[in-house]
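Structure at a glance
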Amino acid sequence: MFQHSIVFDRPGYLALLALIPVLFWLGHRSLSSLGSWRRWIALTLRSLVALAIILALADAQYRRESDELTVVYLLDQSLSIPANDRQAMLKYVDASLEGERSTLRDDRFAVIAFGRDAAVEVPIISADRGVPGRLESLPNPEYTDLASAIQRAKALFPPNAAKRIVLLSDGNENLGNAHREARAAAEGGVSIDVVPVYLEPRNEISIEKVDLPANIRRSQPFDMRVVLRNDAPEGSDEAIAGRLVVIRKAGQREEVVAEEEVTIPPGKQVFTIQQEIDQSDFYTYEARFVPADPAADGMAQNNVASAFTHIRGKGNVLLIENADAKGQFDFLVDRLRTQDLEVEVTATDNLFNSLAELQRYDAVILANVSRSSIEDADSGASFSDEQIKMLVRNTRELGCGLIMIGGPDSYGAGGWANTELEEAMPVDFQIKNAEVVPVGALAIVIDRSGSMDGEKLAMSKAAAIAAVKTMGRRDYISVTAFDDTPYKSVPLRVVGDYRTVAKRIDAIASAGGTDMYPGMVQGFNDLQKANAAVKHMIVLTDGQTPDAKFDELVRRMRQAKISVTAVAVGADANVPLLTNIANRGGGKFYFVQNPRALPRIFLREVRRVARPLVYEPPQPVTPQILTPDSELLRGLDGGVPPIKGFVLTSVKQNPLVEVQLRSPLPATPDNATVLATWTYGSGKAVALTTDAGARWATAWTTWEGYDKFFAQIVRWAMRPTGDTGNYTVAANLRDGKTELVVTALDAEDNFANQQSITAAAIAPDMSTIPLQVEQVAPGRYVGEFDSAQAGSYLVVVNPGGGVAPIRTGVNVGYSSEYRDQETNLSLLRSLAVLAPKNGKSGVLIEDGLAAASSPFTPEQNPFRRDQERASSNQPIWPWLVVTGACLFWGDVFIRRVQFDPTWILVPLAAVRDKVLRRSKAPEAPETMSRLQTRKAQISGQLDERRAATRFEWDESAPAAATLPTNEPLAGLAPTAKQSPKPSLKPENDAQPESYTERLLKAKKRVWNDPQNGK
């Protein structure tokens, strides 16, 4: 399977091998003094060092060649491929693996599904395994990008196998460049087989586009063009009859502007419709083709197209009011209209549903609007989180003005705390000053019995969390869950970080029966401990509860100034009891059939706790003007009339915030703001904490500056509505991207350069798309954004310099996949003929997917062996360098250190003797008599040796130099009184002198030397 060899990446350095004999010859002469064997060892080591260095310079590499093959199947899952053919692709893959399973080779395969993107469905596995019955990967089918699929396959191939791609597609690519990517794959040794998916001929009607003039003025006639196309099969001249309908949309208004019966012959046909618009607005024109015979049209998805236009006016304003307090701001609306402002009024039960609807307006006014504003439990009259995001983004990214007018149902008192809307306003909706403590207390009593399990309990917990989220940080919260007995989920505490409370609420689980009375008692006890201005309880249950003294409990709660709201979930709840509790407790009763309505109810009820945020002084106060030169207060001589109240807020600590009006009471300035403004992103936001005259600012309705004051507020906040100057915007769609081209001219029609142009685009799914505009030529600015998703894209271009922003729309219609009627065989053939290096080109399976129904021929087998064997190289020059370095030190050692190699013979001989002794046969065991005889012989020998070593006193010997045991030897001579010790001598005089005798004689000579006594 594998072959191994050594190759060189830079073989030219191998010519240096010729220097090794020269080096050997020179060293043979220069090292003659080392001796024969040392010289030969040194020369050998030196030659090996040179060899290692030369091989390292030549970049020696270890090569391993393999005959393995890896096949990657690319399955086209775009919309142009019929569903039946997508399933047939899997059968083709499985059939192509059948022959490989019988060969018992170690080949492998992988499967990639692709459309706009490519996803690995089956990673590289052994070819003896099958494929799944259906694909789990879901690539974006709106486009076909063959190039990205080939690129993904290249990254998937292992390095130690031959490579082949099997492409199953109709070849109708609309993104990327497949031929360029395939050519790069062939250069990398990849062969490409192609299995075409043949598309059946069919009639197809599509609306290519709706064309509107770039500049449309009010009451000016213009022509709208609708381009239709009939893609008939080749050779067919059949015309398709149907009905063309053109609809004009402005906000939530729709009207049919054209409808006629048409017949579309093969090819393109353009219909011109004359239009005239007499009102400024943001309009969408949508053209639809309805075939008379649906069977005559292959696909209905490409029968719709749309376009945008914007007719400018003096300024459009949207005023949103509470659904349960309609007409409260009619006076303000009338006065604004007298100031040449076009004002449209809507209520919270008829809100916008998309950013496109908001593009009609230059400013949005929230007039004393609460987040949830209607008592009907099942009504949807409340702002969803998504709608709040639309309001904020419409200001931050698209430059629309945002104005909030106060009242008892606005700001923090209206449940807007901790929302994205609070981030967009120049004031915070909560009081952060410790000197002003307008707090409330809320006790939530939730039924957690077994019948509440599922959606009921989940939505109840979600409602409680939403209520806590909108409460102030200084407010009190208590949550009690009950079944047979009460359970303190959240003991009475200050809200603080609402996330901590939310975690405890979310941990409530269902269990047991239903007994509401102990839970209410627990909540009542908690509220009695709270030092709050307003105390409120919400009790929720879905079942019956045992009889108890509820009337007495509610009476005591009312005496303690605690209100109670009751919520019945489902028909099984004790509705009469809950109704009585709510009526006697001063709260509301809600009967809920859909648990999803619970969050809206809790958001409405939590506003009771926020009532302390409403500040109503004993006597009217006159707001102080802090910025008399402001555009909002210009020309208001004498100031503004007094007001009777406003909502307490906290000024954001931001240098962009400007406080225009402030109340002298309360004494904390940061909480007494009446009018504040700031620039938020591309737009402007205004906070007016008092109302427009219904309750608190009643004196303003007779004030002569009323019209001017509110008109200046609106005009300051709204988008510029003047002339857009000499700016034109064009959009080009290409390869799933939209190119935005802005042409800028100055007043003299010369190119305007160095302009700070910004733009923003909003996708159909309401996501923000980054858009950077750069100058590419004189007066020409270009930006690009991804627009692969079909639908309407909102684009706002801000030229800057006080020029009104240009609002336009880009409609990305149906995918180009719907236009493909035939298999692109020319492209598929061009991919198959690309031959890899040292291999054969791929093949085009003419039978397509039908080839799976019969045995594969050798040419069709994707696991055929017609490619160069795969090889992998691993550099080994670092090991050669290390080896050469080690050998070099051996060379130095041989030349510098001299030693006799014969010492090696000694240990070798010892080893040899030891081996020989072990190899001898063991002696026979001795008998007892032989052992005794041997013992006697040894004993005699020992006696002789003892006698030979016996000593005697030698009287004739000189006096011994014996010293006292406690005195040193050096420098002392014997005295007369010292008795010399006799010398010791062996009995046998014939024996040579021992070492001891020689030592004693030397001592005597030293002692007898007269010089030692000196």
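Notes on the structure in this doc start here. (Residues numbered from 1 in each chain as written. Predicted model: local features only at pLDDT ≥ 70, side-chain atom pairs only at ≥ 80, totals over all residues. Heavy atoms only, no water.)

To continue, consider the nonpolar core. The tendency in soluble globular proteins is for nonpolar side chains to be buried as a group. The biggest cluster of nonpolar side chains holds 86 residues, and the ones touching the most others in it are F709 and F710. Here this core gets 7 residues from one element, more than from any other, and that element is helix α16 (residues 706-717). Membership of the second largest hydrophobic core comes to 31 residues, among which are M459, M471, I601 and F602. (Core = buried A, V, L, I, M, F, W, Y, C linked by side-chain atoms within 4.5 Å. Buried < 20%, exposed > 50% of the residue type's maximum accessible area, 1.4 Å probe, protein only. Helix = DSSP H or I, 4+ residues; strand = E, 2+ residues; numbered from the N terminus.)

Okay, a nonpolar patch on the surface next. A cluster of nonpolar side chains, namely Y13, L16, L19, I53 and L57, defines an oily patch on the protein surface of about 420 Å² accessible area. Examined against the element boundaries, Y13 turns out to sit in the loop between β1 (2-8) and α1 (19-30). The class for Y13 is partly exposed, based on a relative accessible area of 36%. (Patch = residues over 30% accessible without salt bridge, like charges linked within 9 Å, V, L, I, M, F, W, Y side chains within 5 Å. Areas by Shrake-Rupley, 256 points an atom, 1.4 Å probe, with all protein chains shown as cover. Salt bridge = Lys/Arg side-chain N within 4 Å of Asp/Glu carboxyl O.)

The next thing to look at is the environment of K469. Among the secondary structure elements, K469 is positioned in helix α10 (residues 455-469). The class for K469 is partly exposed, based on a relative accessible area of 32%. Distance in space between the C-alpha atoms of K469 and A417 is 7.6 Å, their sequence separation being 52 residues. Setting aside chain neighbours within four positions, we find K469 in contact with A417, N418 and Y498. (Contact = heavy atoms within 4.5 Å.)

The next thing to look at is the packing of aromatic side chains. Counting across every chain of the model gives 17 aromatic pairs. Relative to F109, the ring of Y73 lies with its centre 6.3 Å away and its plane at 75°, an arrangement referred to as edge-to-face. With Y73 in strand β3 (residues 69-76) and F109 in strand β4 (residues 108-114), this pair connects stretches of sequence that are 36 residues apart. Assessed through its relative accessible area of 0%, Y73 is described here as buried. The buried category is assigned to F109, whose relative accessible area is 0%. Judged by centre distance (5.3 Å) and plane angle (85°), the ring pair of Y411 and F429 falls under edge-to-face. Taken together, the residues Y411 in the loop between β18 (401-405) and α9 (420-424) and F429 in the loop between β19 (427-428) and β20 (440-447) connect sequence positions 18 residues apart. A relative accessible area of 0% means that Y411 is categorised as buried. An aromatic cluster of three or more residues is present, and its members are F331, W700, W703, Y706, F709 and F710. Seen from the ring of Y498, R499 lies directly overhead, with NZ or CZ sitting 5.6 Å from the centre. One Lys or Arg, K684, reaches over the ring of W716 and ends 4.8 Å from the middle of that ring. (Phe/Tyr/Trp six-rings, centres within 6.5 Å; stacked < 30°, edge-to-face > 60°. Lys NZ or Arg CZ within 6 Å of the ring centre and 35° of its normal.)

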